[in-house]
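Given next are the chains, with one letter for each unit.
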Amino acid sequence: MKNIILQSVFAVGMHHYGCRMLNIGERYKCTFEPDNMFDNNAVAIYEFESGEKVGNLKRQDAKFISLMFKNNFVCGDLLLKPKFEPVVRKRSIGPEQRCNLGFRCRDSDAEAIVHALKYAAFYVKIV
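What counts, and where the lines are drawn
Residues numbered from 1 in each chain as written. Predicted model: local features only at pLDDT ≥ 70, side-chain atom pairs only at ≥ 80, totals over all residues. Heavy atoms only, no water. Helix = DSSP H or I, 4+ residues; strand = E, 2+ residues; numbered from the N terminus. Rg over C-alpha atoms; globule rule 2.2 N^0.38 Å. Buried < 20%, exposed > 50% of the residue type's maximum accessible area, 1.4 Å probe, protein only. Areas by Shrake-Rupley, 256 points an atom, 1.4 Å probe, with all protein chains shown as cover. Lys, Arg positive; Asp, Glu negative; His and termini not counted. Charge placed at Lys NZ, Arg CZ, Asp CG, Glu CD. Contact = heavy atoms within 4.5 Å. 1 Å grid on protein atoms, 1.4 Å probe; cavity = no way out; pocket = protein on both sides within 12 Å on 5 of 7 lines; lining within 4 Å. Points joined across faces, edges and corners; volume = space filled by probe spheres on them. Nonpolar A, V, L, I, M, F, W, Y, C, P; charged D, E, K, R; others polar. Phe/Tyr/Trp six-rings, centres within 6.5 Å; stacked < 30°, edge-to-face > 60°. Lys NZ or Arg CZ within 6 Å of the ring centre and 35° of its normal.

Draft legend 1. Fine view of the overall build of the protein. Assigned secondary structure in the protein consists of two helices and eight strands. Sequence-ordered secondary structure for the protein, helices as α and strands as β, is β-β-β-β-α-β-β-β-α-β. For 127 residues, the compact-globule formula gives about 14 Å, and the C-alpha radius of gyration of the protein, at 14 Å, lands near that figure. In terms of its C-alpha atoms, the protein occupies a principal-axis envelope of roughly 40 × 30 × 25 Å. Looking at the protein residue by residue over its 127 residues, the buried ones come to 40%. Of the roughly 7400 Å² of accessible surface on the protein, a fraction of 50% belongs to carbon and sulfur atoms. Here the protein holds 19 positive side-chain charges and 14 negative ones, and the gap between their average locations is 6 Å.

Draft legend 2. Expanded view of the environment of methionine 68. With respect to the secondary-structure elements, methionine 68 resides in helix H1 (residues 59-70). With 35 residues separating them in the primary sequence, methionine 68 and phenylalanine 103 have C-alpha atoms 9.8 Å apart. Every residue in contact with methionine 68, bar those within four places of it in the chain, is listed here: Phe73, Val74, Phe103, Ile113, Ala116 and Leu117.

Draft legend 3. Main features of the layout of surface pockets. Of the volumes computed, that of the largest pocket is approximately 440 Å³. Lining the largest pocket are 20 residues; nearest its centre among them are Val12, Phe38, Asn56, Leu57 and Arg59. When contributions to the lining of the largest pocket are tallied by element, the ones reaching two or more residues are strand E4 (53-57) and H1. For the lining of the largest pocket, the class distribution of residues is nine nonpolar, seven polar and four charged. Empty space within the second largest pocket amounts to approximately 180 Å³. In terms of lining residues, the second largest pocket is bounded by Ile5, Arg27, Asp77, Leu79, Leu80, Lys81, Lys83, Asn100, Leu101, Gly102 and Phe103. Elements with a minimum of two residues in the lining of the second largest pocket: strand E5 (75-82) and strand E7 (95-105). Its residues assigned to classes, the lining of the second largest pocket comprises five nonpolar, two polar and four charged.

Draft legend 4. Highlighting the packing of aromatic side chains. Evaluated as defined, the whole model comprises two aromatic pairs. Geometrically, the ring pair formed by phenylalanine 32 and phenylalanine 69 is stacked, given 5.7 Å between the ring centres and 10 degrees between the ring planes. Of the two residues, phenylalanine 32 is situated in strand E2 (residues 28-32) and phenylalanine 69 in helix H1; the sequence distance between them amounts to 37 residues. One Lys or Arg, arginine 27, reaches over the ring of phenylalanine 48 and ends 4.1 Å from the middle of that ring. Sitting over the ring of phenylalanine 10, lysine 58 keeps its end group 5.3 Å from the ring centre.

Dropping the structure here:
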């Protein structure tokens, strides 16, 4: 098994779920939501302990992350860890918070994951 870490993934929509930001350094669990009525590539963010939904991954990031689920590359949980304070670029959009996202994959899938994320806007690290 290999660990995949994606750096500079953005969490959004926290204000829709009653919080302004995710706690820096805390772990969150992500789940693919193919039946989401707004985006069939949506990846939701849940508190690790309580399981309460607290946001989503940015649409552009979720497009690539959803491929990991669709191709069965993710073994176990997909974990998110916020690294910085949220930034508001436009008032109409809401805050974006930069995070790292990690998951485990089979050794044989690591190269395919790097290829699938070649055009993504985040840095891929294999450990």
